[in-house]
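# Coordinate analysis (summary)
What follows is the residue order along each chain.
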Amino acid sequence: MSIIEETTLSSLVDIDQANSTWCKAVISMSANDSSIHVAFVSDSDDSLSRLAPASPTLPASPSKFHQVPDDVVNQSKRFVRVHKTDTSGLGISIKGGRENKMPILISKIFSGMAADNTGQLFVGDAILSVNGVDLTDVSHDEAVQLLKKAGKTVDLEVKYLKEVMPYFSHKQRLNENKQSRLCIPLKLAYVSDLKEARTVEIHTHAVDTPNQSLYSIRFSDGLQHQNWLNRLRCVTCRLNGQVVQETNQLLLMMVSKTNVNFKHVGWLNECYQNSSVTGILKPHVHSKVLLMALTHDSILLYEKAPVSVDDWLQPSISYSLICTRVILCSYASSPTAHSINNFVSLTCSNRDNSNCYFMTRHGTNRGVQTHYFKCMSNDEVKNWTYSIEKQANTAVCLLKQVEFGKENFCTISKKN
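Residues numbered from 1 in each chain as written. Predicted model: local features only at pLDDT ≥ 70, side-chain atom pairs only at ≥ 80, totals over all residues. Heavy atoms only, no water.

## Observations regarding the overall build of the protein chain
- Tallying secondary structure elements over the protein chain gives nine helices and 23 strands in all.
- The buried share of the protein chain, reckoned over its 416 residues, is 45%.
- Put simply, 61% of the contacts in the protein chain that link residues at least 6 apart link residues at least 24 apart.
- Approximately 22100 Å² of the protein chain is accessible, and the part contributed by carbon and sulfur atoms is 51%. (Helix = DSSP H or I, 4+ residues; strand = E, 2+ residues; numbered from the N terminus. Buried < 20%, exposed > 50% of the residue type's maximum accessible area, 1.4 Å probe, protein only. Contact = heavy atoms within 4.5 Å. Areas by Shrake-Rupley, 256 points an atom, 1.4 Å probe, with all protein chains shown as cover.)

## Looking at the pairing of strand β3 (residues 35–40)
- Examined bridge by bridge, strand β2 (residues 23–30) and β3 share four bridges and lie antiparallel to one another. From the neighbouring strand, A25 faces β3, where its bridge partner is F40.
- Linking β2 back to β3 in an antiparallel pair, the connection comprises four residues. (Pairing = 2+ DSSP bridges.)

## What to know about the environment of A150
- Here A150 shows up in the loop between α4 (140–148) and β10 (153–160).
- Note on A150: relative accessible area 14%, which makes it buried.
- As for A150 and K84, which are separated by 66 residues in sequence, their C-alpha atoms are 10.0 Å apart.
- Once residues within four sequence positions are removed from consideration, A150 is found in contact with V130 and N131.

## Here's the deal with unusual backbone geometry
- The phi dihedral of K101 falls on the positive side, at around 55 degrees, and the residue is not glycine.
- Looking at the element boundaries, K101 is found in the loop between β6 (92–97) and β7 (102–109).
- Judged by relative accessible area, K101 falls into the exposed class, the value being 80%.
- Phi at N131 takes a positive value of approximately 50 degrees, unusual for a residue other than glycine.
- Relative to the assigned elements, N131 resides in the loop between β8 (125–130) and β9 (133–134).
- N131 sits in the partly exposed class, given a relative accessible area of 35%.

## Details of the pairing of strand β1 (residues 8–17)
- Counting buried positions along β1 yields nine of 10 residues, so the element is predominantly enclosed.
- Bridge analysis of β1 against β2 gives eight bridges, and the strand direction is antiparallel. Note that in β2 the partner of V13 across the bridge is A25.
- Here β1 pairs with strand β14 (residues 213–218) via four bridges, running antiparallel. Opposite Q17, over in β14, you have Y215 as the bridge partner.

## Observations concerning the pattern of salt bridges
- Enumeration according to the criterion identifies seven salt bridges in this entry.
- For the salt bridge of K77 with E157, the shortest nitrogen-to-oxygen distance reads 3.3 Å. Within this pair, whereas K77 is found in the loop between α2 (70–74) and β5 (78–83), its partner E157 is found in strand β10, the two being separated by 80 residues in sequence.
- A salt bridge links R98 to E142, with the shortest nitrogen-to-oxygen separation between them at 3.6 Å. Of this pair, R98 sits in the loop between β6 and β7 while E142 sits in helix α4, and the two are 44 residues apart along the sequence. (Salt bridge = Lys/Arg side-chain N within 4 Å of Asp/Glu carboxyl O.)

## Comments concerning the packing of aromatic side chains
- Following the criterion strictly, the structure yields five aromatic pairs and no others.
- Arranged with centres 5.1 Å apart and planes meeting at 70 degrees, the rings of F262 and W312 form a pair that is edge-to-face. Taken together, the residues span a long stretch of sequence, with F262 in strand β15 (residues 262–273) and W312 in helix α7 (residues 309–312) at a distance of 50 residues. The two residues F262 and W312 agree in class, both being buried.
- Here the aromatic residues F262, Y302 and W312 are joined through ring pairs into a cluster of three or more.
- In this structure, R218 is placed above the aromatic ring of W22, and the distance from its NZ or CZ to the ring centre is 4.0 Å. (Phe/Tyr/Trp six-rings, centres within 6.5 Å; stacked < 30°, edge-to-face > 60°. Lys NZ or Arg CZ within 6 Å of the ring centre and 35° of its normal.)

## Some points on the environment of S107
- Of note, S107 is situated in strand β7.
- Residue classification places S107 among the buried residues on the basis of a relative accessible area of 1%.

## A word on the nonpolar core
- One finds V82, I92, I94, L121, I127 and L156 to be the most contacted residues of the largest nonpolar core, which totals 23 residues.
- At the level of elements, β5, β6, β7, α3 (114–118), β8, α4 and β10 are the ones that each hand at least two residues to this core.
- Listed in part, the 22 residues of the second largest apolar core include V13, I15, W228 and L229. (Core = buried A, V, L, I, M, F, W, Y, C linked by side-chain atoms within 4.5 Å.)

## Thoughts on helix α6 (residues 222–254)
- Taking 1.5 Å as the rise per residue, α6 with 33 residues should run 48 Å; its terminal C-alpha atoms sit 47 Å apart, in good agreement.
- You can read the cap of α6 off the contacts: a side-chain oxygen lies 3.0 Å from the backbone nitrogen of L223, and it is on D221. (Expected span 1.5 Å × (residues − 1). Polar contact = N/O pair within 3.5 Å; in protein donor to acceptor, adjacent residues only side chain to side chain.)

## Section: the environment of V130
- Structurally, V130 is set in strand β8.
- For V130, a relative accessible area of 3% corresponds to the buried category.
- When the C-alpha atoms of V130 and E157 are compared, they prove to be 6.5 Å apart, with 27 residues separating the residues in sequence.

## Some details on the side chain of H371
- Its location among the elements puts H371 in strand β21 (residues 367–374).
- Judged by its relative accessible area of 6%, H371 falls in the buried class.
- There is a polar contact of 2.7 Å between the side chain of H371 and the side chain of Y319.
- The residues touching H371, leaving out its near neighbours within four places in the chain, are E270, L301, I317, Y319, F358, M359, T360 and H362.

Below, the structure written as structure tokens:
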């Protein structure tokens, strides 16, 4: 496992839930998490928690609202050196200043960021100086600018002021620890990428929450956006594997007579043309999100995330794997493959990667059924096409007898 996968990602972002209002928040997630942890930043907080471009920070530590050690309370002054990485700012919010007739006070310490990682700073600490520059008679805005421009190594002179702690009321602590925090569950979540807007959309489903929810996370730069996208792909892939194992165990316990064995699940974006559009204009392309599941002998498609065993056993559409063909859009040698390339040219812009598409064709008693799917990356396309081909080959090997033909009936049997 790489270093990036083992560490915790932490970033200051804009987040929106269900197209409501964009809010500032610090999000964090490790490779072993099953959800994204969100801590909202109130409008009154300064922006010292902003991250510079990049990716992982050190692992997060507990909230700084815990009891302050006696030696800290009794010390007149303390000197704390904070090392900012290429990926993070100080990770604090401050209150006070000359205009408020108060010292510069640390009001919030963001978990997993530079100040928190020292383990030596606490909510209620007054910042007396930064890199030798006195802060005892500066305004709030002046303090913010001095702390922002302090460089990667920041030497803070601080003193814990017990008498100001009532200023951080019990209500404020509850708000910061509960109401201003949430978790975005990623089990069976669908992740989509709006690259031009540096935004990731996460559709959570009923497997973890009462209703489907949409979260949009907007990053300040392309590098953070790409690092988070890579992490989300790894985590959702791992969680989908857990879903397969849990579902198979439930089927064994609750449906003793079924022989369904799930192998692979994941969300795909199905593209289709609006057949009602005619004339010289190009057909309009629509898309919808489907959950695809591969079993030992079938492809199952679901329009929403299954919640119960019954849901898993009742897909919206099902196809036999031995009657399925999968085609990459780059394979242009056959007429069938040529048609998907023509279709892809309608769906993608000049900046799109057309290799992120593949097609499945299924022989049924209603004729050949075709589906066009778009993935988030070339690797995802390769993973799906490989998985479908592998399971189709396995299904054929497990088959003992095939019957086909109406007039000239023929049966092929395979000896054990």
